[in-house]
Amino acid sequence: DRSGAVCALLFKARGRLAEETVFSLANTHGDIPAAGEKVRRFLEMHGTSEEDLTGIDVVLDEVLTNAVNYGFEDGNAHEILLSLALDAGRLTIEVQDDGRPFDPLGIPAPDLDADLESRQIGGLGMHFVRTLLDRVSYERRNGWNVLKLEKQLAGRAEKAS
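Because the structure is predicted, anything quoted here is derived from the model rather than measured.

Asks: Before we move on, could you go through the packing of helix 1 (residues 31–45) against helix 2 (residues 50–70) and cite the residues and values that matter?
Replies: Across the interface, helix 1 lies against helix 2 with an axial gap of 10 Å and an inter-helix angle of 150 degrees. The angle between helix 1 and helix 2 falls in the class roughly antiparallel. For the crossing formed where helix 1 meets helix 2, the hand is right-handed. Mapping the contact onto sequence places Ile32, Ala35, Gly36, Val39, Arg40, Leu43 and Glu44 in helix 1 and Glu50, Leu53, Thr54, Ile56, Asp57, Leu60, Asp61, Leu64, Thr65 and Val68 in helix 2. Looking at the contact of helix 1 with helix 2 residue by residue, the classes come out as 9 nonpolar, 3 polar and 5 charged.

Asks: Just give me the short version of empty space enclosed by the protein, but keep the residues and values in it.
Replies: A full pass over the atoms with the stated rule returns 1 cavity of 30 Å³ or more. Within this model, the largest cavity holds a volume of roughly 140 Å³. In this structure, the largest cavity is lined by 13 residues; those nearest its centre are Val63, Ala67, Asp97, Phe102 and Pro104. Here the element with the most residues in the lining of the largest cavity is helix 2; it accounts for 3 residues. Residues belonging to the lining of the largest cavity are distributed by class as follows: 8 nonpolar, 3 polar and 2 charged.

Asks: Requested: an account of the pattern of salt bridges, with residues and values cited.
Replies: As enumerated under the stated definition, the model contains 10 salt bridges in all. Arg40 serves as the salt-bridge partner of Asp57, at 2.7 Å between the closest nitrogen and oxygen. Taken together, the residues span a long stretch of sequence, with Asp57 in helix 2 and Arg40 in helix 1 at a distance of 17 residues. Looking at Asp57, the relative accessible area reads 30%, which means it is partly exposed. Arg40 gets classed as buried once you look at its relative accessible area, which sits at 14%.

Asks: How would you summarise the packing of aromatic side chains if you had to cite specific residues and measurements?
Replies: Within this structure, the stated rule accounts for 1 aromatic pair. Measuring from centroid to centroid gives 5.8 Å for Tyr70 and Phe102, while their planes differ by 40 degrees, and the two rings are tilted. Residue Tyr70 is located in helix 2, and its partner Phe102 is located in the loop between strand 4 (90–97) and helix 3 (124–132); the two are separated by 32 residues in the primary sequence.

Asks: So, the pairing of strand 5 (residues 135–141): which residues are in play, and what are the values?
Replies: The pairing of strand 5 with strand 6 (residues 144–152) spans 7 bridges and is classified as antiparallel. Looking across to strand 6, one finds that Glu139 is bridged to Val146. From the end of strand 5 to the start of strand 6, which pair antiparallel, there are 2 residues, and Asn142 there has a positive phi angle of about 50 degrees.

Asks: Run through the nonpolar core, naming residues and quoting values.
Replies: In globular proteins that are soluble, nonpolar side chains generally tend to be buried together. Grouped together as the largest cluster of nonpolar side chains are 30 residues, with contacts concentrated most on Leu82, Ile93, Val95 and Leu149. At the level of elements, strand 2 (18–26), helix 1, helix 2, strand 3 (79–87), strand 4, helix 3 and strand 6 are the ones that each hand at least two residues to this core. Sorting elements by how many residues they give to this core places helix 2 first, with 8 residues. Not counting chain neighbours up to four residues away, the residues in contact with Ile93 comprise Ile56, Leu60, Leu82, Ser83, Leu84, Leu147, Lys148 and Leu149.

Asks: Outline the pairing of strand 3, listing residues and values.
Replies: Here strand 3 runs beside strand 4; their pairing, made up of 8 bridges, is antiparallel. By the bridge assignment, Leu81 is partnered in strand 4 with Gln96. What sits between strand 3 and strand 4 in their antiparallel hairpin is a turn of 2 residues, with Ala88 showing a positive phi close to 55 degrees.

Asks: Provide a residue-level description of helix 1, including the pertinent values.
Replies: Taking 1.5 Å as the rise per residue, helix 1 with 15 residues should run 21 Å; its terminal C-alpha atoms sit 22 Å apart, in good agreement. Inspection of helix 1 places Asp31, Ile32, Ala35, Gly36, Val39, Arg40, Phe42 and Leu43 among the buried residues, and these make up the whole buried set. Downstream of helix 1 by a residue or two, Gly47 has a phi angle that is positive, lying close to 75 degrees.

Analysis parameters
- Residues numbered from 1 in each chain as written.
- Predicted model: local features only at pLDDT ≥ 70, side-chain atom pairs only at ≥ 80, totals over all residues.
- Heavy atoms only, no water.
- Axes fitted to C-alpha atoms, helices over the stretch in contact; angles between N-to-C directions.
- Helix = DSSP H or I, 4+ residues; strand = E, 2+ residues; numbered from the N terminus.
- Parallel < 35°, antiparallel > 145°, perpendicular 65-115°, else oblique.
- Left-handed = near helix turned anticlockwise from the far one by under 90°.
- Contact = heavy atoms within 4.5 Å.
- Nonpolar A, V, L, I, M, F, W, Y, C, P; charged D, E, K, R; others polar.
- 1 Å grid on protein atoms, 1.4 Å probe; cavity = no way out; pocket = protein on both sides within 12 Å on 5 of 7 lines; lining within 4 Å.
- Points joined across faces, edges and corners; volume = space filled by probe spheres on them.
- Salt bridge = Lys/Arg side-chain N within 4 Å of Asp/Glu carboxyl O.
- Buried < 20%, exposed > 50% of the residue type's maximum accessible area, 1.4 Å probe, protein only.
- Phe/Tyr/Trp six-rings, centres within 6.5 Å; stacked < 30°, edge-to-face > 60°.
- Pairing = 2+ DSSP bridges.
- Core = buried A, V, L, I, M, F, W, Y, C linked by side-chain atoms within 4.5 Å.
- Expected span 1.5 Å × (residues − 1).

Structure (structure tokens):
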């Protein structure tokens, strides 16, 4: 069973400070790694550090997995849009889907002090998302879930000489 991942990639530049790309993926688990690779390549082109790349990988895997797992009850194919913008080292990612209304920020933070047997299942992934990013916001816009993720990137990756 192979995923027929189709991604459209659009690059736009506004001067030297801002770079943007937008692409789409299907609401399947198989498309999540491909989307992560496209995001990673875009950020590598802009010299993003490995530490930031790893954090963004974790964040996108969690957010996209939540969208695929909980957003679509009709069993039909849907599109998830990813928009990335870099402006003076600040990364903004918008994840948009037309699934059922789902605010992942409503997931309660896990009790990290509780012992493993008494911890409630779930919430750890969104805890990592909140920890790894500077700002996360959600809104329902024109029948679409819009999750906005923001992070000030640490700086340019060291180039091997």
